[in-house]
Amino acid sequence: MDIEKIKEVAMKTMSRRKSHLQRERGFIFYHGQRVANMAIHLRKSLFPEDSSKDDIIYVGALFHDVAKGIEPHGKMGAQLIPHLLNEYCTAQELEQISEVVALHNARQREGQPFYVKLVQDADVLDHFGSLEIWLKFMYSAHTEENVFDAVALWDSKEHQEYIENSRALLNYDLSQKIYDDRIEFERTFQERFALECNGEIFY
């Protein structure tokens, strides 16, 4: 598998696309990069003796949202993989990469291979912590919300349910631990943000 060429294809395919009106251009490319790196980190921690699927994990994660905006984007993305990567992968590699893309948001738990589950968890994790704050600010900028709208969202019952439901999607205890740490960072930031938005002093 020619990883460097595949990275070039990913950049050409996704780095200038805007998958959501409220997100920056190229988000799906940079999101894919982060998910790919995180999935490999998870693999090294959870399955330290098994690096045999690292290329599949990395490339599947890199392209998992390639069809974002065309739903169901997992299924549609899996159909694109053979056309995008046929010059750089074997038939078996294409099949497994397509599997990762197709199942990245189909969390049925039973019967899914570990390399799919790792990408699933990394995908969830990337939407929390520092990136949750970035995503909220980008959304607010595009929709002309003010700072108090952000505070209201973070304090809402709907947001708390979103946090709980997202945690329940994770496959591994380590992923949940990382998730909890990211949520704690968010809460610390949100507490300070809410105070400072009212002109209060945080110390």
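Residues numbered from 1 in each chain as written. Predicted model: local features only at pLDDT ≥ 70, side-chain atom pairs only at ≥ 80, totals over all residues. Heavy atoms only, no water.

Chemist: What am I meant to see in the overall build of the protein chain here?
Modeler: Within the protein chain one finds 10 helices and 0 strands. Computed over the C-alpha atoms, the radius of gyration of the protein chain is 18 Å, within 12% of the 17 Å expected from 2.2 N^0.38 for a compact globule of 203 residues. Counting only C-alpha atoms, the protein chain reaches 60 × 35 × 25 Å along its principal axes. In the protein chain, once contacts between residues fewer than 6 apart in sequence are set aside, the share between residues at least 24 apart is 65%. Here the protein chain has roughly 11100 Å² of accessible surface; of this, 51% comes from carbon and sulfur atoms. A distance of 4 Å separates the average location of the 24 positive side-chain charges in the protein chain from that of its 34 negative side-chain charges. (Helix = DSSP H or I, 4+ residues; strand = E, 2+ residues; numbered from the N terminus. Rg over C-alpha atoms; globule rule 2.2 N^0.38 Å. Contact = heavy atoms within 4.5 Å. Areas by Shrake-Rupley, 256 points an atom, 1.4 Å probe, with all protein chains shown as cover. Lys, Arg positive; Asp, Glu negative; His and termini not counted. Charge placed at Lys NZ, Arg CZ, Asp CG, Glu CD.)

Chemist: Just to check I follow, could you spell out the packing of aromatic side chains for this structure?
Modeler: The description of an aromatic ring pair rests on the distance of the ring centres and on the angle between the ring planes. Inspection of the entire model under this criterion finds 12 aromatic pairs. Look at Phe47 and Tyr172: their rings are 5.9 Å apart centre to centre, the planes differ by 80°, and that puts the pair in the edge-to-face class. Taken together, the residues span a long stretch of sequence, with Phe47 in the loop between helix H2 (27–46) and helix H3 (54–62) and Tyr172 in the loop between helix H9 (157–168) and helix H10 (173–197) at a distance of 125 residues. Since its relative accessible area comes to 26%, Phe47 is described here as partly exposed. Aromatic side chains Phe114 and Tyr115 sit 5.9 Å apart centroid to centroid with 80° between the ring planes, which places their arrangement in the edge-to-face category. Comparing Phe114 with Tyr115 shows no difference in burial state: the two are buried. An aromatic cluster of three or more residues is present, and its members are Phe47, Phe114, Tyr115 and Tyr172. (Phe/Tyr/Trp six-rings, centres within 6.5 Å; stacked < 30°, edge-to-face > 60°. Buried < 20%, exposed > 50% of the residue type's maximum accessible area, 1.4 Å probe, protein only.)

Chemist: Help me out: how do you make sense of the packing of H3 against helix H5 (residues 91–103) in this one?
Modeler: Relative orientation and spacing of two packed helices are given, respectively, by the angle between their axes and the distance between those axes. Two numbers describe how H3 lies on H5: the axes approach to 8 Å, and their chain directions differ by 50°. With respect to H5, the axis of H3 lies oblique. Our pair here, H3 against H5, has a crossing hand that is right-handed. Where H3 approaches H5, its residues Ile56, Val59, Gly60 and Ala61 are matched on the opposing element by Glu93, Gln96, Ile97, Val100 and Val101. By residue class, the composition of the contact of H3 with H5 is 6 nonpolar, 2 polar and 1 charged. (Axes fitted to C-alpha atoms, helices over the stretch in contact; angles between N-to-C directions. Parallel < 35°, antiparallel > 145°, perpendicular 65-115°, else oblique. Left-handed = near helix turned anticlockwise from the far one by under 90°. Nonpolar A, V, L, I, M, F, W, Y, C, P; charged D, E, K, R; others polar.)

Chemist: What is the right way to look at the layout of surface pockets in this model?
Modeler: Empty pockets left among the atoms are what a rolling probe the size of a water molecule brings to light. Estimates place the volume of the largest pocket at around 350 Å³. No other element matches helix H7 (residues 130–143), which puts 4 residues into the lining of the largest pocket. In terms of residue class, the lining of the largest pocket is made up of 4 nonpolar, 4 polar and 4 charged. Its boundaries defined by the atoms lining it, the second largest pocket holds a volume of some 240 Å³. Lining the second largest pocket are 20 residues, and of these Lys68, Arg107, Asp123, Val124 and His127 lie nearest its centre. For the lining of the second largest pocket, the secondary-structure elements that each account for two or more residues are H2, helix H6 (114–125) and H9. If you tally residues by element for the lining of the second largest pocket, the top one is H2, at 3 residues. A class-by-class count of the residues in the lining of the second largest pocket yields 6 nonpolar, 9 polar and 5 charged. (1 Å grid on protein atoms, 1.4 Å probe; cavity = no way out; pocket = protein on both sides within 12 Å on 5 of 7 lines; lining within 4 Å. Points joined across faces, edges and corners; volume = space filled by probe spheres on them.)

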